[in-house]
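Okay, here's what each chain looks like letter by letter:
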Amino acid sequence: MEDKFIKQISLFAENKPGRLANVANKLKSAGINIRAFTIAESGDFGIIRMVVDRSDYAHSILHDAGFTVSETNVLGIEMDDVPGSMSRIAEVFGKAKINIDYAYAFVTRDQKALLIIRVNDIEKAIKTLEEDNVKLISMKELEKI
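Residues numbered from 1 in each chain as written. Predicted model: local features only at pLDDT ≥ 70, side-chain atom pairs only at ≥ 80, totals over all residues. Heavy atoms only, no water.

K.L.:
Could you clarify how one ought to interpret the overall build of the chain in this entry?
P.N.:
Check the secondary structure of the chain and you find five helices and seven strands. Starting at the N terminus, the α and β elements of the chain follow one another as β-α-β-β-α-β-α-β-β-α-β-α. Compactness check: the chain gives a C-alpha radius of gyration of 16 Å against a globular reference of 15 Å for 145 residues, within 12% of the reference. Dimensions along the principal axes, computed over C-alpha positions, put the chain at roughly 40 × 35 × 30 Å. (Helix = DSSP H or I, 4+ residues; strand = E, 2+ residues; numbered from the N terminus. Rg over C-alpha atoms; globule rule 2.2 N^0.38 Å.)

Now the structure itself:
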């Protein structure tokens with residue numbers, strides 16, 4: 001089942017000018033491509049969550065640079081880039097009583113939308129999505145996007 005997960009990098013960082021540039025420059029210097037990211041702030045600190053093409057290496061680079069960093073298993077859900085795609089996924093989770101902790105999305109080069117999502121029960125979510133013929137993106141597939 002692990003081949004259905006995507007590893008997300010999360011950083012706890014001070015909310016101040018230049019912090020994101022510092023993170024991005026570390027990844028750039030290591031040749032790591034950021035596929036998607038989101039920032040959630042809470043006063044003086046924030047959480048930068050991102051999906052990158054080489055998560056284990058990114059974790060190591062950021063950790064060695066002194067950042068508080070962790071990896072989290074999330075799902076990558078491929079959707080058509082049309083109205084109603086998000087609604088379909090939300091309905092599937094609602095019917096199965098799966099809670100969405102957070103989500104963010106981006107559009108791929110081949111006009112598909114990719115939803116990165118953390119849920120309260122990842123194994124149940126995988127099973128539910130597969131039963132509903134929803135395509136999950138693996139880490140290997142993400143690296144090729």
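Moving on from the coordinates now.
K.L.:
What is the right way to look at the environment of H59 in this model?
P.N.:
With respect to the secondary-structure elements, H59 resides in helix 2 (residues 55–64). Sequence separation between H59 and L27 is 32 residues; the distance between their C-alpha atoms is 9.7 Å. Setting aside residues no more than four positions away along its own chain, H59 makes contact with I9, V69, S70 and E71. (Contact = heavy atoms within 4.5 Å.)

K.L.:
Would you explain helix 3 (residues 85–95) in this entry?
P.N.:
An α-helix turns once every 3.6 residues. As a result, residues three or four positions apart point the same way. Three or more residues of helix 3 are buried, namely S85, I89, V92 and F93. Along helix 3, the residues classed as buried sweep out an arc of 95° about the axis, all on the same side. K97, located one to two residues past helix 3, shows a positive phi value of around 60°. (Buried < 20%, exposed > 50% of the residue type's maximum accessible area, 1.4 Å probe, protein only. Arc of directions from axis to C-beta.)

K.L.:
Would you explain the pairing of strand 6 (residues 112–119) in this entry?
P.N.:
Taken across its eight residues, strand 6 has six buried, putting it largely inside the fold. For strand 4 (residues 68–80) and strand 6, the ladder comprises six bridges, and the chain directions are antiparallel. Bridging from a neighbouring strand, L75 pairs with I117 of strand 6. In the sheet, strand 5 (residues 100–107) pairs with strand 6 via seven bridges, with the strands oriented antiparallel. (Pairing = 2+ DSSP bridges.)

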